[in-house]
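# Structure assessment
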Amino acid sequence: METSFENLISSYIDHNVGVSKDFLTEDLAHNLRNNILKLYKEQLLKTAGIGRLDTFVKNKEIRSDVIYWLDKKNNNPHELAFFEHIENFILYLNKECYTGITGYEFHYALYKPNTFYKRHLDQFQDVNNRQFSMITYLNLNWKEGDGGELMIYNKETSLAIRPTNRKTIFFKSNELEHEVLKTNEMRLSITGWLRRD
Ligand code: OGA
Ligand code: MN
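Right, let's walk through the structure included here. (Residues numbered from 1 in each chain as written. Chains lettered and ligands numbered in written order. Predicted model: local features only at pLDDT ≥ 70, side-chain atom pairs only at ≥ 80, totals over all residues. Heavy atoms only, no water.)

### Observations concerning the environment of L188
This is how it is decided: Segments assigned H or I by DSSP are reported as helices when at least four residues long, segments assigned E as strands when at least two residues long, and all are numbered from the N terminus. Think of it in three bands: with a 1.4 Å probe and only protein chains considered, a residue is buried below 20% of the maximum accessible area for its type, exposed above 50%, and partly exposed in between. Contacts are assigned to residue pairs that have any heavy atoms within 4.5 Å of one another.
Mapping L188 onto the fold places it in strand β11 (residues 187-195). Taking relative accessible area as the criterion, L188 reaches 2% and is therefore assigned buried. Taking C-alpha positions, L188 is 5.3 Å from L138, a pair spaced 50 residues apart along the chain. When residues no more than four places from it in sequence are discounted, the contact partners of L188 are R33, I36, L37, A109, L110, T136, Y137, L138 and N139.

### Focus on the environment of Q131
To keep things clear, this is the line we draw: Polar contact is the term for a pair of N or O atoms within 3.5 Å; when the atoms are in protein, one must be able to donate a hydrogen and the other to accept it, and sequence-neighboring residues count only if both atoms are side-chain atoms.
Within the element layout of this structure, Q131 appears in strand β6 (residues 130-137). Judged by relative accessible area, which is 8%, Q131 ranks as buried. Linking Q131 and Y98, residues 33 residues apart in sequence, is a C-alpha distance of 13 Å. If sequence neighbours within four positions are ignored, Q131 has contacts with I101, F171, K172, S173, L194, R195 and R196. Of the polar contacts made by the side chain of Q131, one reaches the side chain of R196; its length is 3.4 Å.

### Description of the coordination of the manganese ion (ligand 2)
Heads up, the rule is: Here the coordinating atoms are restricted to nitrogen, oxygen and sulfur within 2.8 Å of the metal centre, or 3.2 Å for Na, K and Ca, and because water is not among them the sites may look incomplete.
Surrounding the manganese ion (ligand 2) are the protein donor atoms H120 (NE2), D122 (OD) and H178 (NE2), which sit 2.1 to 2.2 Å from the metal. For the manganese ion (ligand 2), the donor residues sit on a single chain with the sequence spacing H-x1-D-x55-H. Remark: H178 occurs in strand β10 (residues 177-180) and H120 occurs in strand β5 (residues 117-120); sequence separation between them is 58 residues. As far as the burial class goes, H120 and H178 line up, both buried.

### Things to note about helix α2 (residues 26-41)
Count 3.6 residues to each turn of an α-helix, and residues three or four apart come out pointing the same way. Note the threshold: Multiplying 1.5 Å by the residue count of a helix minus one yields the expected span of that helix.
End to end, α2 covers 23 Å across 16 residues, agreeing with the expected 22 Å (1.5 Å per residue, within 8%). Those residues of α2 that are buried lie in contact with β3 (66-69), α3 (77-97), β4 (103-111) and β11. Once α2 finishes, Q43 follows within two positions and takes phi at roughly 60°, a positive value.

### Let's talk about the pattern of salt bridges
Stated precisely, the cut-off is as follows: Should a side-chain nitrogen of Lys or Arg be within 4 Å of a carboxyl oxygen of Asp or Glu, the pair is scored as a salt bridge.
As enumerated under the stated definition, the model contains ten salt bridges in all. A salt bridge links R130 to E105, with the shortest nitrogen-to-oxygen separation between them at 3.0 Å. Separated by 25 residues along the polypeptide, R130 in strand β6 and E105 in strand β4 bring together distant segments of the chain. Among the residues examined, R130 registers a relative accessible area of 9% and is labelled buried. Looking at E105, the relative accessible area reads 17%, which means it is buried. Put simply, E105 and R195 hold a salt bridge, and the shortest N to O gap is 3.1 Å. In this pair, E105 sits in strand β4 while R195 sits in strand β11, placing the two residues 90 residues apart along the sequence. Counted as one network, the salt bridges with shared partners bring together E105, R130, R195 and D197.

### A word on the packing of aromatic side chains
Note the following rule: Aromatic contacts are taken between Phe, Tyr and Trp rings whose centres are within 6.5 Å, Trp giving its six-membered ring; a plane angle under 30 degrees counts as stacked, one over 60 as edge-to-face, and the others as tilted.
Scanning the model with the defined rule gives 14 aromatic pairs in all. On the numbers, 5.7 Å between centres and 85° between planes, the contact of Y12 with F132 is edge-to-face. On the criterion of sequence distance, the pair formed by Y12 in helix α1 (residues 2-15) and F132 in strand β6 is long-range, its members being 120 residues apart. The burial state of Y12 is the same as that of F132; both residues are buried. Summarising the aromatic geometry, the rings of F83 and Y104 are spaced 5.3 Å apart at their centres and angled 40° between planes, so their arrangement reads as tilted. Of this pair, F83 sits in helix α3 while Y104 is found in strand β4, placing the two residues 21 residues apart along the sequence. Overall, F83 belongs to the buried group, its relative accessible area being 5%. Among the aromatic residues, ring-to-ring pairing joins F5, Y12, F23, F89, Y92, F132 and F170 into one connected group.

See the structure below:
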């Protein structure tokens with residue numbers, strides 16, 4: 001566990017974008033993937049908004065994924081295991097990097113073929129409690145040509161990240177603009193933010 005935490009943090013420190021190939025165990029990734037497929041079948045994934053409260057708008061021109069928030073109240077054992085893992089990561093991060101994270105929020109996200117999320121920053125204009133963005137992909141057998149790359153614009157360079165199974169990405173929410181390119185296949189992930197409230 002500590003090794004994957006360490007890999008995620010040290011790649012973040014070196015390149016502004018942290019990457020881990022094994023942040024979640026295979027079992028947990030498998031179970032969370034089944035959760036999202038079940039939610040999809042039950043039509044519980046909903047169009048996501050942009051902005052918050054009165055600025056909250058649903059704008060399919062900007063993003064066209066569907067989401068469902070993880071919640072301890074759901075009492076789902078795999079969500080609870082995921083939260084426990086995130087809490088351990090936060091303890092580690094706060095200890096090693098004095099980041100002062102006090103909370104978190106995560107949602108499942110599903111991009112149907114031909115959907116995308118245009119270039120954006122993850123912080124709302126009126127609140128800045130989102131410190132770090134974290135995304136883990138749950139796509140078995142993602143192939144060249146399937147699209148759906150996460151583009152991260154990092155000063156002069158940009159990075160195209162393929163959403164392959166169990167890959168976790170970690171970056172500062174208010175610093176790096178990023179975009180999800182149009183996907184050709186159904187694209188699954190858990191996306192969230194570590195917050196300082
Ligand atoms: C987001 C986001 C990136 C991805 O949900 O804010 O940028 O790769 N997601 O899914
Ligand atoms: Mn984003």
